[in-house]
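Listed below are the residues making up each chain.
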Amino acid sequence: MPCNVSTLQIPQAIVDELIAHARELAPHECCGFLAGKEGIVTHLYRVTNVVALEGAVDAASFDEAKLAHLGRLSPDERAEVAFVMDSQDMFKAVKDMRKQGLDLQVVYHSHPHDPARPSVTDIKIATEWEDNWPKFNLPLPAYLLISLQDPNRPDVKLYSIQANRVSPASFTIDTPAVR
Ligand SMILES: [Zn+2]
């Protein structure tokens, strides 16, 4: 089990940043990483969603049905239903985490039109990535979804995804004490 999931603390400021990122990119999906130390999130790294760029979809690990569907959409439309993290952004973020002695804790992305639940494709990609994190000497991250389905009430949920199985993960939102 990812050791950082059950105790994850996310400051309100980071939650606000997540929602702001999702809103900025809507109707496209946004994506990125959260990192910190000892189960407390301290940093947010935005990663470019390159699914809107030509060619990115073929390189990603979508199943055939999803590929066929995405192939019928314009690059712009694709970014509304899928995300592919820009690898340069990813490595830049990971490099910075190493430099600052932070742990990768969470991979996040938004669902502009859908609930804050991992899609079939999300689960498939997360499962495939299970083997990749150790190769980069990174811990298994939790997955955070931001839903803008109800634009006035963004929904944020955390999951652990392992071997095609999704389980909700609890987290606390840390509100700064009122002075
Ligand atoms: Zn998704």
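A quick note: this is a predicted structure, and the numbers were derived from the prediction, not measured.

Participant: I'd like a description of the overall build of the chain, backed by residues and values.
Facilitator: Regarding its fold elements, the chain presents seven helices and eight strands. Residues counted as buried form 36% of the 179 residues belonging to the chain. A separation threshold of at least 6 residues defines the contact pool for the chain, and within that pool the share at least 24 residues apart is 75%.

Participant: Account for the pairing of strand S4 (residues 103–111), with residues named and values stated.
Facilitator: Counting buried residues in S4 gives eight out of nine residues, a clear majority hidden from the surface. Pairing of strand S2 (residues 31–37) with S4, which is carried by six bridges, proceeds in the antiparallel orientation. Residue pairing for S4: Ala-35 is matched across the bridge by Leu-104. Judged from the six bridges that link them, S4 and strand S5 (residues 142–147) form a sheet pairing that is parallel.

Participant: Please set out the confidence of the model for the chain residue by residue, giving values where relevant.
Facilitator: Across the chain, the average pLDDT comes to 86, with 82% of residues at or above 70. Ranking the elements of the chain by mean pLDDT puts helix H2 (residues 56–59) last with 54 and S5 first with 97. The low-confidence segment residues 1–5, where pLDDT is below 50, has 13 contacts with residues more than four positions distant or belonging to other chains.

Participant: Account for the nonpolar core, with residues named and values stated.
Facilitator: Counting 40 residues, the largest nonpolar core has Phe-33, Leu-34, Val-106, Tyr-108, Ala-142, Tyr-143 and Leu-144 as its most contacted members. If near-sequence neighbours (up to four positions away) are discounted, Leu-144 is found in contact with Leu-34, Val-106, Tyr-108, Val-156 and Leu-158.

Participant: An account of the environment of Trp-129 is requested, with residue identities and associated values reported.
Facilitator: Its place among the elements puts Trp-129 in helix H6 (residues 120–129). We classify Trp-129 as partly exposed; it has 18 C-beta atoms within 10 Å. Spatially, the C-alpha atoms of Trp-129 and Pro-141 are 9.9 Å apart, while their sequence positions differ by twelve residues.

Participant: Account for helix H5 (residues 87–100), naming residues and giving values.
Facilitator: The end-to-end C-alpha distance of H5, which contains 14 residues, comes to 20 Å, matching closely the 20 Å that a straight helix rising 1.5 Å per residue would cover. In terms of burial, H5 is largely open, as just one of its 14 residues are buried.

Participant: Just give me the short version of H6, but keep the residues and values in it.
Facilitator: All of the buried residues along H6 are Thr-121, Asp-122, Ile-125 and Ala-126. The arc that holds every buried residue of H6, seen down its axis, measures 130°, which confines them to one face. Seen from the open side of H6, the exposed residues pointing more than 90 degrees away from its buried face are Val-120 and Glu-128.

Participant: Explain the pairing of strand S7 (residues 165–169) to me, using residue names and the numbers behind them.
Facilitator: Sheet analysis places strand S6 (residues 155–162) next to S7, joined by five bridges and oriented antiparallel. Each residue of the ladder has a partner; that of Ser-160, found in S7, is Ser-167. The hairpin formed by S6 and S7 contains two residues between the paired strands, and Ala-163 there has a positive phi angle of roughly 50°.

Participant: Kindly report on unusual backbone geometry, identifying the contributing residues and their values.
Facilitator: Put simply, Ala-26 and Pro-27 share a cis peptide bond, and its omega is 10°. Here Pro-27 is to be found in the loop between helix H1 (12–25) and S2.

Conventions and cut-offs
As a convention, each chain's residues are numbered from 1 in the sequence order in which they are written. Whole-chain, interface and lining totals are the exception, using all residues; otherwise, since this is a predicted model, local features are given only for residues with pLDDT of at least 70 and side-chain atom pairs are given and counted only at 80 or more. Helix and strand assignments come from DSSP, with helices taken as H or I runs of at least 4 residues and strands as E runs of at least 2, each series counted from the N terminus. The exposure scheme places C-beta atoms from the backbone and then counts, for each residue, the other C-beta atoms within 10 Å of its own, assigning buried at 20 or more, exposed at 12 or fewer, and partly exposed in between. Any pair of residues counts as being in contact when their C-beta atoms, constructed from backbone geometry, are within 7 Å of one another. At least two bridges found by DSSP between two strands is the condition for calling them paired. Each residue carries a pLDDT value, the predictor's own confidence for that position, ranging from 0 to 100. Take the buried Ala, Val, Leu, Ile, Met, Phe, Trp, Tyr and Cys residues, join any whose C-beta atoms are within 7 Å, and the set you get is a nonpolar core. The span one expects for a helix is its residue count, reduced by one, times 1.5 Å. Think of the arc as the fan of directions from the helix axis to the C-beta atoms.

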